[in-house]
Amino acid sequence: MKRIRYYHACLFFTLCIFYLSCQPTETTSTLPDRPNILFAISDDQSFFHTSFAGREWVQTPAFDYVAQHGLYFTNCYAGSPGCAPSRSSIVTGRYHWQNEQAGQHASGWLKKYVPFVDLLASNGYHTGRTGKGVGPFKYGEDPLRADDAAGRAYNEIMYEEGSESDERFATGIRNLNYAANFEQFLEEREEGEPFFFWYGSSEPHRRFEKDSWKKRGKSLEDVEVPDFLPDTEVVRGDLLDYAVEIEWFDLHLMRMIKKLEAMGELDNTIIIVTSDNGMAFPRAKANAYEYGVHVPMAISFPKNFPQGKVVEKPISFIDLAPTLLELSQTKPEGMLPISGRSLVQLFQNGEETEESRDYVMAGRERHSSSRFANAGYPQRLVRRGPYLYIWNMKPERWPAGAPQRLVPDSSGAVYPMYGIDSAGVHHSEWAFTDIDDCPTKSFIVEHHDDEQYGKYFELAVGKRPEFEMFNIERDPSCLQNLANDPEFVGIKDQLHTVMMQELEATEDPRIVGPDKEVFDTYKRYSPMRDFPKPDWAMAEQN
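Residues numbered from 1 in each chain as written. Predicted model: local features only at pLDDT ≥ 70, side-chain atom pairs only at ≥ 80, totals over all residues. Heavy atoms only, no water.

A.B. asks: Would you take a moment to explain the pattern of salt bridges for this structure?
C.D. replies: When their charged atoms lie close together, side chains carrying opposite charge are able to pair. Applying the stated criterion across every chain, the model contains 36 salt bridges. Residue Asp508 pairs with Arg380 through a salt bridge whose shortest N-O separation is 2.6 Å. On the criterion of sequence distance, the pair formed by Asp508 in the loop between α14 (489-505) and α15 (509-512) and Arg380 in strand β12 (residues 379-384) is long-range, its members being 128 residues apart. One exposure class covers both Asp508 and Arg380, and it is buried. In this structure, a network of salt bridges that share partners links the residues Glu365, Arg380, Lys394, Arg397, Asp508, Arg510, Glu517, Asp520 and Glu540. (Salt bridge = Lys/Arg side-chain N within 4 Å of Asp/Glu carboxyl O. Helix = DSSP H or I, 4+ residues; strand = E, 2+ residues; numbered from the N terminus. Buried < 20%, exposed > 50% of the residue type's maximum accessible area, 1.4 Å probe, protein only.)

Rendered as structure tokens:
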């Protein structure tokens, strides 16, 4: 009897083991549900310029689709008003001032700054990108990272200029077929493998084909000109050419969305649509004002997020990395400490949480080579409630770059002041080179001493006070500085305290040292310009 009981016990134990072995483990039950991620980022687009935001002169059906079927964020702030430092914040979850060279424009990406994309790849994700990745940065040999921080490039499929298949709207548009490269990326994916794809459009980055808007049937009368720009036909046409390139970015995004829908993958795909910084116009891109750092943002995930929600809470680019790591069930091991906070609860509920931060911060250092000794124009900003507070750390410097440049390969000769030749024609490369070459810039500079338009020249290039504060709900063009208004001194002090606490906590070298000028010492790998030595440089030397 004992032997029979023993055999029965053994049989029962064996059956239990067999039963348990047939049950799904925690890993196999969760891994198939990990979402795909399509991250779409345009190049130089301000928040205001989508049809979902009410701008009828720019049509963005793909962005509108994501916003309608997901979450639309009215207050998303880029990591910087310049592309490289802003994209650095996205993939590291850190402020650009925390990332040394890997947070500065056209400098070197040190490999210790591990992007979340690497961790997704290690966690079973098929990763890749098309178009512009995390740049411009220098990648290369140790201690630099070997390849782009956005992942492997899928840039082989291109439009052939002049061919019947060349459908591009304008000559300024890049020749990459973004949507076709996305399809090639998907074809290389293993069955059931989740993916992360970075769609980095080069549009609407300058230059634009002048008057391309005419071929698209647009009208000058429909344009809304920001108050910091002159309302002229030149500026209106420039804005419409900008809209044409936004629509090209949006067209390829819509093709990607339709591809996912046809594959049955749309419900399990997180789609994020945004831009790296604001539009490439004077007083926008490379400036800490609203049109420089406030960018469009829509996120959809049909399987898990509410649809048609408008979120007014301010969010920052540094929050994207921890959010995507959580959603993909990926641990941040290997990354440097992340300063951002996961937004998963906000995404799932569409509502604020008690623990969430009620402010966002950003900043800038160098943009292009625009000042003596490659010096930058350091700024830090905080947005809280209706107020935008800006600290211009070097107010003695020209914010848009020096007004006069040395002639290359010469013995100290200088171009004419403001880059205006003897015929009254402006040459963009001669002055104020933190502003991209464009018809709007030339119009403003050429009319710098006009009674009607002179104020726009001062707004675009004039030196600024150390502190600025704006009520952006009433003044989105950031024209009325409240920083010295006695009525707002309490609010200014609160914002300055918040800013200083965050800069100290994140060990901004401009605040904690030991070398507060270190950002100006980083090597620049893009073309350099030379400038006459200004008074501020002489004062710093003494």
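A.B. asks: Hey, could you run me through a negative patch on the surface in this one?
C.D. replies: Taken together, the side chains of Glu56, Glu221, Asp222 and Glu233 present a region of like negative charge at the surface. If you trace the backbone, Glu56 turns up in the loop between β1 (36-42) and α3 (61-68). (Patch = residues over 30% accessible without salt bridge, like charges linked within 9 Å, V, L, I, M, F, W, Y side chains within 5 Å. Areas by Shrake-Rupley, 256 points an atom, 1.4 Å probe, with all protein chains shown as cover. Lys, Arg positive; Asp, Glu negative; His and termini not counted. Charge placed at Lys NZ, Arg CZ, Asp CG, Glu CD.)

A.B. asks: Is there a simple way to think about the sheet that holds strand β7 (residues 294-295) in this case?
C.D. replies: Backbone-to-backbone hydrogen bonds join strands into a sheet, with any given pair of strands oriented parallel or antiparallel. With mixed pairing, the 3 strands of this open sheet are ordered in space as β7-β3-β10. At either end of the open sheet lies a strand with only one pairing partner, and these are β7 and β10 (315-316). Looking at chain direction, strand β3 (residues 76-77) and β7 are connected through 2 bridges and run antiparallel. Note that in β7 the partner of Cys76 across the bridge is Val295. (Pairing = 2+ DSSP bridges.)

A.B. asks: Looking at this structure, how should I read the nonpolar core?
C.D. replies: Within soluble globular proteins, side chains that are nonpolar tend to cluster in buried spots. Judged by nonpolar contacts, the single largest core of 66 residues is most densely connected at Leu38, Phe182, Tyr199, Leu239 and Met279. Those elements giving two or more residues to this core turn out to be β1, α3, α6 (178-187), β5 (195-200), α8 (233-263), β6 (269-275), α12 (439-446) and α13 (454-461). Among the elements that line this core, the one with the most residues is α8, at 14 residues. Beyond its immediate stretch of four places on either side in the chain, Tyr199 contacts Leu38, Phe39, Ala40, Ile41, Thr130, Tyr178, Trp248, Phe249, His252, Leu253 and Met256. Ranked by size, the runner-up nonpolar core spans 48 residues in total, among them Ile90, Ala102, Leu324 and Leu343. (Core = buried A, V, L, I, M, F, W, Y, C linked by side-chain atoms within 4.5 Å. Contact = heavy atoms within 4.5 Å.)

A.B. asks: For this particular structure, what's the right way to read unusual backbone geometry?
C.D. replies: Trans peptide bonds make up most of the peptide bonds, and negative phi angles are found at most residues other than glycine. Looking along the chain, the bond that leaves Glu203 and enters Pro204 is cis, with omega of 5°. With respect to the helices and strands, the residue Pro204 is situated in the loop between β5 and α7 (212-215). Cis peptide bonds are those with omega within 30 degrees of zero, and the linkage from Arg206 to Arg207 qualifies with 5°. Among the structural elements, Arg207 can be located in the loop between β5 and α7. Not every positive phi belongs to a glycine, and Ala106 is a case in point at roughly 60°. You can call Ala106 buried: its relative accessible area is 2%. Phi at Arg283 takes a positive value of approximately 70°, unusual for a residue other than glycine.

A.B. asks: When you look at the side chain of His105 in this model, what are you seeing that I'm missing?
C.D. replies: Position of His105 relative to the elements: it lies in the loop between α4 (83-92) and α5 (116-122). Residue classification places His105 among the buried positions, given a relative accessible area of 10%. Only 3.2 Å separates the side chain of His105 from the backbone oxygen of His367, close enough to count as a polar contact. (Polar contact = N/O pair within 3.5 Å; in protein donor to acceptor, adjacent residues only side chain to side chain.)

A.B. asks: Before we go on, may I ask you to explain the packing of aromatic side chains in this structure?
C.D. replies: Using the criterion set out here, one finds 37 aromatic pairs in the structure. Where Phe47 meets Tyr72, the ring centres are 6.3 Å apart and the plane angle is 25°; that geometry is what we call stacked. One end of the pair, Phe47, is in the loop between β1 and α3; the other, Tyr72, is in strand β2 (residues 71-73), and 25 residues separate them in sequence. Overall, the relative accessible area of 6% leaves Tyr72 in the buried class. For the ring pair Tyr95 and Trp97, a centre distance of 4.4 Å and an interplane angle of 10° mean the geometry is stacked. Residues Tyr95 and Trp97 agree in their burial class; the two are buried. Between the NZ or CZ atom of Arg397 and the centre of the ring of Trp536, over which it lies, the distance is 4.3 Å. (Phe/Tyr/Trp six-rings, centres within 6.5 Å; stacked < 30°, edge-to-face > 60°. Lys NZ or Arg CZ within 6 Å of the ring centre and 35° of its normal.)

A.B. asks: Please explain the sheet that holds β2 as it appears in this structure.
C.D. replies: Reading across from one edge, β4-β5-β1-β6-β8-β2-β9 is the order of the 7 strands in this open sheet, with mixed pairing throughout. Sheet topology places β4 (126-131) and β9 (309-311) at the edges, where each strand pairs with a single neighbour. Ignoring which end each strand starts from, the neighbouring axes of this sheet average 15° apart. Pairing of β6 with strand β8 (residues 297-300), which is carried by 4 bridges, proceeds in the antiparallel orientation. Bridging across to β8, Ile272 finds its partner in Ile299. Relative to β1, α4 is tilted by about 170°, and along the sheet it contacts β1 and β5. (Axes fitted to C-alpha atoms, helices over the stretch in contact; angles between N-to-C directions.)

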